[in-house]
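Each chain, letter by letter, is given below.
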Amino acid sequence: MDGNRRWAASRRLPGIAGHREGARAVRRTIQAAIESGVAWLTLYAFSSENWRRPVGEIFDLTGLLREYLRSELAELKENGVRLRIIGDLERFDPDIRRSLAEAEAQTTVNSRLNLIVALSYGARAEIAVAARRLAEAARDGRLDPKQIDEARVAGALATAGMPDPDLIIRTSGEQRLSNFLLWQGAYAELVFLDVLWPDFGAEHFARALTEYARRERRFGTRPG
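Residues numbered from 1 in each chain as written. Predicted model: local features only at pLDDT ≥ 70, side-chain atom pairs only at ≥ 80, totals over all residues. Heavy atoms only, no water.

Visitor: Help me understand the nonpolar core in this model?
Guide: Buried together is how nonpolar side chains tend to be arranged in soluble globular proteins. Ranked by internal contacts, the top residues of the largest apolar core, which has 39 residues, are Ile30, Leu41, Phe92, Leu115 and Leu119. When contributions to this core are tallied by element, the ones reaching two or more residues are helix 2 (15-36), strand 1 (40-47), helix 3 (55-78), strand 2 (81-86), helix 4 (94-106), strand 3 (113-121) and helix 7 (202-214). Residues within four places of phenylalanine 92 in sequence aside, it is in contact with Phe46, Trp51, Thr62, Leu65, Arg97, Leu119 and Ser120. Counting residues in hydrophobic clusters, the runner-up holds eleven residues, among them Tyr121, Met162, Phe180 and Ala188. (Core = buried A, V, L, I, M, F, W, Y, C linked by side-chain atoms within 4.5 Å. Buried < 20%, exposed > 50% of the residue type's maximum accessible area, 1.4 Å probe, protein only. Helix = DSSP H or I, 4+ residues; strand = E, 2+ residues; numbered from the N terminus. Contact = heavy atoms within 4.5 Å.)

And the structure:
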């Protein structure tokens, strides 16, 4: 989800205005996913690199996260959405970590849509953590290094037990993954849309799904 600050700047508004409008786009996208029958949706909300932004902007973003958790949890539960969080949450304040854990717990029985929110997330760091876990298991004699294969690595990632993405959508005209689901997205179809995230809506979601439907998914094999 990219383009919040550019959206605000183009309207001569403070950056927080773009982030607030971006939160509204999140709501629209969740609803579009539900109506389209999509079972898994992952939103890259805050990257590990975002911590390098000015202190004032980080303060605004974390404040908006607190506000979102308070205002949206009831609607997520009502719509049958299960919330899961991936990323290095230790960098957030304790009250945010508690709120996130409570939101996950309160939605655990829901199954209409699995909503994964990546917060303080970076794919390279995720892979490094997985490698460290496997190395420690091997060191302690709990794992034979010869048993480390793709399935073992996938099982050590933050997304263990979740399906790999079929489609990755990047907004704002940028055409890169920016450290998002690098392992999991190995065979994902990529769709780049020239729309700033705050303007993203159901029609853009539908356009991406239509483009995905046109693609031939071969996973390295020849067409039959």
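Visitor: Mind showing me how you'd approach the environment of asparagine 50 here?
Guide: By the secondary structure assignment, asparagine 50 is in the loop between strand 1 and helix 3. When its relative accessible area of 14% is taken as the criterion, asparagine 50 is described as buried. For asparagine 50 and alanine 118, which are 68 residues apart along the polypeptide, the C-alpha to C-alpha distance reads 12 Å. Apart from residues lying up to four places away in sequence, asparagine 50 is in contact with Ala45 and Ile58.

Visitor: Hey, could you run me through the packing of aromatic side chains in this one?
Guide: One pair of aromatic rings is described through two measures. These are the centre distance and the angle between the planes. Within this structure, the stated rule accounts for seven aromatic pairs. Each ring, one from tyrosine 121 and one from phenylalanine 180, has its centre 6.4 Å from the other, and the planes form 80°; the classification is edge-to-face. Placement of tyrosine 121 in strand 3 and of phenylalanine 180 in the loop between strand 4 (167-170) and strand 5 (189-192) is noted, with a sequence separation of 59 residues between them. Side by side, tyrosine 121 and phenylalanine 180 carry an identical accessibility label, which is buried. Seen from their ring centres, tryptophan 197 and phenylalanine 200 are 4.9 Å apart, and the 25° between their planes marks the pair as stacked. Of the two residues, tryptophan 197 and phenylalanine 200, both sit in the buried class. (Phe/Tyr/Trp six-rings, centres within 6.5 Å; stacked < 30°, edge-to-face > 60°.)

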